[in-house]
Amino acid sequence: MRTPLKAAAHTLTALALAALGTTALATGAEAQPAPAAAHFGAKPLHPGTTPRAATASGNTLSVGTNASQGVVSPTPKVYLVFWGSQWSSDPAGVAPDMQNMFKGLYGSQDTWGTILSQYCEGVAKGTTNCGTKGIHVQHPASSPLAGVWFDKAAAAPANATAAQIAAEAGKAAAHFGNTTQAPNLNAQYVVVSATGTHPDGFPNSGFCAWHDKTSSSYGTLAYTNLPYIPDTGAGACTTFTDGRLLSGIESTETHEYAETVTDFWPSIGWNGGGGEIGDECQNLDAYVKLSTGTFDLQGLWSNSANKCVTHG
């Protein structure tokens, strides 16, 4: 299991694998230094192409506790929070793109999301294969997008701290009426910052995004700090080099979404030698066609396949 210190300091390169079927894959720029902040799932701005030194068995994910809550998100619900009056400007079209991506992440066409179904909670610490035991992540039968909020009442801080981002997640929980722990056992609040802002030092801090948990009067909340990645130009946060501006933020958010689902309150969930489910596979991207469009989804580690994959 990864500690926050290790989450911040581990080497952020991943095993490059060929795509299965006709899915398009690409690899990109050299790895950049990991950020110093002690948060989880911090994806580097430029994923590396060097294969991981760790063996496949070293990358195998295992559950960090026998708890039946906070390990995974059995029925994922995503709340997109577009933070600040600065969202009057969205030059890259991030807001509609993020909504469309999550609107399509369900059902039979979403074979990427089925990778998550093998992971569970309520099993013995150290488990690597849930089998039929425990409470498994359920593949959504409908869109996991449970709510969208443009919080434009005031400008978001130009340089928001981690504490301010966590506080915005708490405001979102209240806004959506999730005011007890029960609904927040599956809710993840994605705090999306507007163009021109620098949440937690982005981009100079070297990360694309990160996820974490925070205590609130509504229970423990899972949330993501998602900066306006298109501000860094095409090619950041993705291995694709075709110049598509939204690829980086799509790849990044699918990385954080999957890690939140499988390590809901980090880091008591699923971790391996290379980190969380997305950290293992940062140099594997695939364009995947969903019912709402084609999106850059990052590869994930599959214990059952014993490698990084782009579909279950």
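Residues numbered from 1 in each chain as written. Predicted model: local features only at pLDDT ≥ 70, side-chain atom pairs only at ≥ 80, totals over all residues. Heavy atoms only, no water.

Some details on the side chain of Asn225
- Note that Asn225 resides in strand β9 (residues 219-226).
- Among the residues examined, Asn225 registers a relative accessible area of 0% and is labelled buried.
- In this structure, Asn225 is in contact with Ile165, Val191, Pro199, Asp200, Phe207, Ala209 and Trp210, ignoring residues within four places of it in sequence. (Helix = DSSP H or I, 4+ residues; strand = E, 2+ residues; numbered from the N terminus. Buried < 20%, exposed > 50% of the residue type's maximum accessible area, 1.4 Å probe, protein only. Contact = heavy atoms within 4.5 Å.)

Some details on the nonpolar core
- Grouped together as the largest cluster of nonpolar side chains are 74 residues, with contacts concentrated most on Val94, Tyr189 and Trp270.
- Here Tyr189 is in contact with Tyr79, Ala169, Ala172, Ala173, Phe176, Asn178, Asn184, Leu221, Ala222, Tyr223 and Thr224, once residues within four sequence places are set aside. (Core = buried A, V, L, I, M, F, W, Y, C linked by side-chain atoms within 4.5 Å.)

Re the pairing of β9
- Counting buried positions over the eight residues of β9 gives seven, a clear majority of the element.
- Both strand β7 (residues 187-193) and β9 contribute to a ladder of five bridges, which runs parallel. Of the residues in β9, the one forming a bridge with Val190 is Thr224.
- Hairpin connection, strand β8 (residues 210-216) to β9: the antiparallel pair is bridged by two residues. (Pairing = 2+ DSSP bridges.)

Remarks on the sheet that holds β7
- Within the open sheet, the five strands sit side by side as β6-β3-β7-β9-β8. Their pairing is mixed. Each end of this open sheet is capped by a strand with a single partner; those strands are β6 (145-151) and β8. If you compare each strand with its neighbour and ignore which way they point, the axes differ by 25° on average.
- Lying on the sheet, helix α4 (residues 162-175) is in contact with β3 (77-83), β6, β7, β8 and β9; it crosses β9 at an angle near 120°.
- This element, helix α5 (residues 247-262), spans β3, β7, β8 and β9 of the sheet and lies at about 160° to β9. (Axes fitted to C-alpha atoms, helices over the stretch in contact; angles between N-to-C directions.)

Considering helix α3 (residues 94-104)
- Of all eleven residues in α3, eight are buried, a share of seventy percent or more.
- Within the sequence span of α3, burial applies to Val94, Ala95, Asp97, Met98, Gln99, Met101, Phe102 and Gly104.

Remarks on the packing of aromatic side chains
- Enumeration over the complete set of coordinates arrives at twelve aromatic pairs.
- Here Phe82 and Trp87 contribute two aromatic rings whose centre-to-centre distance is 4.9 Å and whose plane-to-plane angle is 75°, an arrangement assigned as edge-to-face.
- By relative accessible area, which is 0% here, Phe82 ends up buried.
- Given the relative accessible area of 4%, Trp87 is considered buried. (Phe/Tyr/Trp six-rings, centres within 6.5 Å; stacked < 30°, edge-to-face > 60°.)

Remarks on the state of the cysteines
- Counted by the stated rule, this structure contains three disulfides.
- Two residues share a disulfide in this structure: Cys208 and Cys237, whose sulfurs sit 2.1 Å from each other. Its S-S torsion of about -105° marks the bond between Cys208 and Cys237 as left-handed, since a negative value means left-handed. Of this pair, Cys208 sits in the loop between β7 and β8 while Cys237 sits in the loop between β9 and α5, and the two are 29 residues apart along the sequence.
- What makes Cys208 buried here is its relative accessible area of 0%.
- Between the sulfur atoms of Cys281 and its disulfide partner Cys308 the distance amounts to 2.1 Å. Since a negative S-S torsion denotes a left-handed disulfide, the Cys281-Cys308 link at about -85° is left-handed. (Disulfide = S-S within 2.5 Å.)

Notes on the environment of Asn100
- For Asn100, the position within the fold is in helix α3.
- Judged by relative accessible area, Asn100 falls into the partly exposed class, the value being 31%.
- C-alpha separation for the pair Asn100 and Thr294, spaced 194 residues apart in sequence, amounts to 9.7 Å.
- Excluding residues within four positions of it along the chain, Asn100 makes contact with Thr292 and Phe295.

Brief notes about the pattern of salt bridges
- The final tally for this structure, using the stated rule, is three salt bridges.
- Residue Lys171 pairs with Glu168 through a salt bridge whose shortest N-O separation is 3.7 Å. Residue Lys171 and its partner Glu168 are both found in helix α4; the two are separated by three residues, about one turn of the helix.
- Residue Arg244 is joined to Glu250 by a salt bridge in which the shortest nitrogen-to-oxygen separation is 2.8 Å. (Salt bridge = Lys/Arg side-chain N within 4 Å of Asp/Glu carboxyl O.)

What about the side chain of Ser73?
- Among the structural elements, Ser73 can be located in the loop between β2 (62-63) and β3.
- Separated by 3.1 Å, the side chains of Ser73 and Asn186 make a polar contact. (Polar contact = N/O pair within 3.5 Å; in protein donor to acceptor, adjacent residues only side chain to side chain.)

As for the confidence of the model for the protein chain
- For the protein chain, the mean per-residue pLDDT works out to 88, and 85% of the residues sit at or above 70.
- Mean pLDDT in the protein chain bottoms out at helix α1 (residues 4-9), which sits at 36, and peaks at β3, which reaches 99.
- In this model, residues 1-37 is a region of pLDDT below 50 whose contacts with residues beyond four sequence positions or in other chains number 106 contacts.
- Within the model, pLDDT remains below 50 along residues 49-54, and this stretch shows 20 contacts once partners closer than five positions in the same chain are excluded. (pLDDT = per-residue confidence, 0-100.)

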